[in-house]
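Residue-level listing of the chains:
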Amino acid sequence: MSAAATGDGPWLDDAAGRLVRPYTVSNGRTRPTTALDLLTQVMATGTTPFGYLGPEHAQALDLCRAPVSVAEVAAHLQLPAAVTKVLLSDLVDCGALTERPPAFHNPTDRSLLEAVLDGLRRQL
């Protein structure tokens, strides 16, 4: 039985995949109102959002109880990053989330790349 039938987790069908298409989740919007990078940290403010927000908004808000990156939220929601950015910007706009731009890191910094590689090796 799929997760959709039990009411738990995202709406999935074992054969077809996600039943609710990503553009439906964001009401067809493709651009967030807040500039969010994949490394932007978002965190819940504790403010209750006004108006109706979809189940994906509630899931995203629940994931943001501690600081988390936009990329991590997208991975947990199993949604494309563009759709996740729209959802998160909705929550920022209503005051339910706060966002902090990522700290600048030189992407070619050898020590940073070695640390990432070491972390990946530990996971394998």
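Figured I'd write up the structure that's included with this text. If you're wondering where the values come from, they're calculated on a predicted model, not measured in any experiment.

## What about the overall build of the protein?
Moving on, step 1. Secondary structure assignment for the protein yields six helices and five strands.
Moving on, step 2. Each helix and strand of the protein, ordered N terminal to C terminal, gives the series α-β-β-α-β-α-β-α-α-β-α.
Moving on, step 3. Out of the 124 residues belonging to the protein, those deemed buried represent 27%.
Moving on, step 4. Residue pairs in contact within the protein that sit at least 24 positions apart in sequence constitute 65% of those at least 6 positions apart.
Moving on, step 5. Surface summary for the protein: the accessible area is close to 8300 Å², and the carbon and sulfur share equals 58%.

## Looking at the environment of Ala-81
Moving on, step 1. Mapped onto the secondary structure, Ala-81 falls in helix H5 (residues 81-93).
Moving on, step 2. Judged by relative accessible area, Ala-81 falls into the partly exposed class, the value being 29%.
Moving on, step 3. In the structure, Ala-81 is positioned ten residues away from Ala-71 in sequence and 6.7 Å away in space, judged by C-alpha atoms.

## Comments concerning the sheet that holds strand S3 (residues 41-44)
Moving on, step 1. Pairing in this open sheet of three strands is antiparallel, and the strands run S4-S3-S5 from one edge to the other. With one partner strand each, in any of the chains shown, strand S4 (68-69) and strand S5 (97-100) form the two edges of the open sheet.
Moving on, step 2. Examined bridge by bridge, S3 and S4 share two bridges and lie antiparallel to one another. In the strand pairing of S4, Gln-41 is matched with Ser-69.

## Quick notes on the side chain of Ser-69
Moving on, step 1. Its place among the elements puts Ser-69 in strand S4.
Moving on, step 2. Classification of Ser-69 by relative accessible area gives buried; the value is 7%.
Moving on, step 3. Setting aside its immediate chain neighbours within four residues, Ser-69 contacts Leu-38, Leu-39, Thr-40 and Gln-41.

## With respect to the nonpolar core
For soluble globular proteins, the rule of thumb is that nonpolar side chains tend to be buried together.
Moving on, step 1. Ranked by size, the top nonpolar core spans 17 residues in total, and within it Val-42, Cys-64, Val-73, Leu-88, Leu-91 and Leu-97 carry the most contacts.
Moving on, step 2. The biggest single contributor to this core is H5, with five residues.
Moving on, step 3. In contact with Leu-97, not counting residues within four places along its chain, are Val-42, Met-43, Ala-44, Thr-45, Leu-61, Cys-64, Leu-88, Leu-91 and Val-92.

About the criteria used
- Residues numbered from 1 in each chain as written.
- Predicted model: local features only at pLDDT ≥ 70, side-chain atom pairs only at ≥ 80, totals over all residues.
- Heavy atoms only, no water.
- Helix = DSSP H or I, 4+ residues; strand = E, 2+ residues; numbered from the N terminus.
- Buried < 20%, exposed > 50% of the residue type's maximum accessible area, 1.4 Å probe, protein only.
- Contact = heavy atoms within 4.5 Å.
- Areas by Shrake-Rupley, 256 points an atom, 1.4 Å probe, with all protein chains shown as cover.
- Pairing = 2+ DSSP bridges.
- Core = buried A, V, L, I, M, F, W, Y, C linked by side-chain atoms within 4.5 Å.

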